[in-house]
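In case you want the letters, here they are:
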Amino acid sequence: MRKISFSFLAILFLLFGFTVNVQAAQDSIDDQASLFTLEEVAQLKETIAPIEAKTKARVFIVTNTDNDMDSARFADYYMLDRIGKNENGITFYLDMAQRKFIISTSGNMIDYLTDKRIEQSLDAIEPSMIAGNYFQATQIFLEKTSYYFDQGVSGGHYRVDTETGKITRYKSLTTTEIVIAFVAAIVLSGIFFAVSISKYQLKFGTYKYPFREKSSLNLTRRNDVLVNSFVTTRRIPRNNSSGGGGSGGGSSTHSTGGGTFGGGGRSF
């Protein structure tokens, strides 16, 4: 009976988890400009669901024809309203009024979609946008997003605040580094254990260390007085390199509505 109950609960858990992912993807398309057919919307939602599941981020496709705000700001505010400040998310916005297409990133997607990767995505998307094939352009956006997430955060990655010039660097361990560290830890632990055993020839359970004869205690009084302290600050100039600078690549960020966003866009 216990085995049956456990199996039943496991099936319910899997079904519930699948339902949550599907429901999350159901509200990912906001096609106010009616650029997609019902079949295309269904296909896009089907593509978005596994991307959201693995990235732990929301993915939004937004289109409209009546925006009078800056396109990039509109994309930021849209995502801000949907998921809140600095939550994981990425938005592909097609502004048919101003003829622009925008990629906006938030949370962890800022680090996966660096400036260089966004530019490469825009390069791939642009021909379809110019040709008026908006469904294909959106598919390419989703393919690039999934691909770059699978590539992981690039080594030497950093964020550049375009408003203050502040640079924040991130250290990410590669799979090779993790394996090497694990193997080295095992080897060093083995060597230390072997040396200790051979040096002291300990007999476990019978050996007692003569701590009274071999220990001593000296107490001294020490007072530390802070005389002065200095803090040095400097402004780091903005990196205007189109590739984001550095071998690892960086992500330019800006603030919208109190949240931090990355991204880029082009006209078509």
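Please read all numbers here as calculations on a predicted model, not as lab measurements.

**Here's the deal with the overall build of the chain**
Scanning the chain from N- to C-terminus turns up eight helices and eight strands. If you take every contact in the chain between residues at least 6 apart in sequence, the share linking residues at least 24 apart comes to 70%. Accessible area of the chain: about 17,500 Å², with a carbon and sulfur share of 57%.

**Considerations on the packing of helix α2 (residues 38-55) against helix α6 (residues 134-151)**
Here α2 crosses α6 at 15 degrees, and the two axes come no closer than 11 Å. Looking at the two axes, α2 sits roughly parallel to α6. Helix-helix and strand crossings are classified by hand; for α2 and α6 the assignment is left-handed. Along its contact with α2, which presents Glu 40, Gln 43, Leu 44, Thr 47, Ile 48, Ile 51, Lys 54 and Thr 55, the element α6 presents Phe 135, Thr 138, Gln 139, Leu 142, Thr 145, Ser 146, Phe 149 and Asp 150. Residue classes in the contact of α2 with α6 are distributed as six nonpolar, seven polar and three charged.

**Remarks on the sheet that holds strand β8 (residues 259-267)**
Taken together, eight strands build an open sheet; the order of strands is β1-β2-β3-β4-β8-β7-β5-β6 and the sheet is mixed. Each edge of the open sheet is held by one strand with a lone partner, namely β1 (29-31) and β6 (167-169). On average, adjacent strands in this sheet sit at an angle of 25 degrees to one another, irrespective of strand direction. Here three bridges tie strand β7 (residues 250-256) to β8, and the two strands are oriented antiparallel to one another. Across the sheet, His 254 pairs through a bridge with Phe 261, a residue of β8.

**A closer look at the pairing of strand β3 (residues 89-95)**
Burial analysis of β3 places seven of its seven residues in the buried class, the great majority of the element. Neither face of β3 is open: one carries Gly 89, Thr 91, Tyr 93 and Asp 95, the other Ile 90, Phe 92 and Leu 94, and all of them are buried. Pairing of strand β2 (residues 58-64) with β3 involves seven bridges; the strand directions are parallel. In the strand pairing of β3, Asn 64 is matched with Asp 95. Crossover handedness for the path β2 to helix α3 (residues 71-83) to β3: right-handed. Counting the residues that bridge the hairpin from β3 to strand β4 (residues 100-106) gives four residues, and of these Arg 99 lies at a positive phi of roughly 55 degrees.

**Details of the nonpolar core**
Ranked by internal contacts, the top residues of the largest apolar core, which has 32 residues, are Ile 125 and Phe 141. Contributing elements (two or more residues each) for this core: α2, β2, β3, β4, α4 (109-112), α5 (115-131) and α6. Setting aside anything within four residues of it in sequence, one finds Phe 141 in contact with Val 59, Ile 61, Ile 90, Thr 91, Phe 92, Ile 103 and Ile 125. One finds Val 62, Met 79, Tyr 93 and Phe 261 within the second-largest nonpolar core, a separate group that totals 11 residues.

**Points about a nonpolar patch on the surface**
Taken together, Val 179, Phe 182, Val 183, Ile 186, Val 187, Leu 188 and Ile 191 make up a surface patch of nonpolar side chains, about 680 Å² in accessible area. Here Ile 186 shows up in helix α7 (residues 175-200).

**Concerning the packing of aromatic side chains**
Describing an aromatic ring pair means giving the distance of the ring centres and the angle of the ring planes. One pass over the structure, following the stated rule, counts seven aromatic pairs. Between Phe 60 and Tyr 78, the aromatic rings sit 6.0 Å apart at their centres with planes inclined by 75 degrees, giving edge-to-face as the arrangement. Residue Phe 60 is located in strand β2, and its partner Tyr 78 is located in helix α3; the two are separated by 18 residues in the primary sequence. Pair check on accessibility: Phe 60 and Tyr 78 agree, each one buried. For the pair Tyr 147 and Tyr 148, a centre-to-centre distance of 5.3 Å together with 65 degrees between the ring planes defines the contact as edge-to-face. A relative accessible area of 44% means that Tyr 147 is categorised as partly exposed.

**Examining the side chain of Ser 146**
Tracing the sequence through the fold places Ser 146 in helix α6. Filtering out sequence-adjacent residues up to four positions away, Ser 146 remains in contact with Ile 51 and Lys 54.

**Concerning α2**
Counted at 1.5 Å a residue, the expected span for α2 with its 18 residues is 26 Å, and the 26 Å between its end C-alpha atoms agrees. Here α2 has its buried residues at Val 41, Leu 44, Lys 45, Ile 48, Ala 49, Ile 51, Glu 52 and Thr 55. Two residues or fewer after α2 comes Lys 56, characterised by a positive phi angle close to 55 degrees.

**Brief notes about the confidence of the model for the chain**
Per-residue confidence for the chain gives a mean pLDDT of 82, with 70% of residues at or over 70. Below a pLDDT of 50 lies the segment residues 229-248, which in the model reaches 21 contacts outside its immediate sequence neighbourhood of four places, other chains included.

**Considering unusual backbone geometry**
Although it is not a glycine, Lys 56 sits at a positive phi angle of roughly 55 degrees. On the secondary structure map, Lys 56 appears in the loop between α2 and β2. Notably, Arg 99 is not glycine yet its phi reads approximately 55 degrees, a positive angle. Tracing the sequence through the fold places Arg 99 in the loop between β3 and β4.

Parameters at a glance
Residues numbered from 1 in each chain as written. Predicted model: local features only at pLDDT ≥ 70, side-chain atom pairs only at ≥ 80, totals over all residues. Heavy atoms only, no water. Helix = DSSP H or I, 4+ residues; strand = E, 2+ residues; numbered from the N terminus. Contact = heavy atoms within 4.5 Å. Areas by Shrake-Rupley, 256 points an atom, 1.4 Å probe, with all protein chains shown as cover. Axes fitted to C-alpha atoms, helices over the stretch in contact; angles between N-to-C directions. Parallel < 35°, antiparallel > 145°, perpendicular 65-115°, else oblique. Left-handed = near helix turned anticlockwise from the far one by under 90°. Nonpolar A, V, L, I, M, F, W, Y, C, P; charged D, E, K, R; others polar. Pairing = 2+ DSSP bridges. Buried < 20%, exposed > 50% of the residue type's maximum accessible area, 1.4 Å probe, protein only. Right-handed = clockwise from strand over helix to strand, strands pointing away. Core = buried A, V, L, I, M, F, W, Y, C linked by side-chain atoms within 4.5 Å. Patch = residues over 30% accessible without salt bridge, like charges linked within 9 Å, V, L, I, M, F, W, Y side chains within 5 Å. Salt bridge = Lys/Arg side-chain N within 4 Å of Asp/Glu carboxyl O. Phe/Tyr/Trp six-rings, centres within 6.5 Å; stacked < 30°, edge-to-face > 60°. Expected span 1.5 Å × (residues − 1). pLDDT = per-residue confidence, 0-100.

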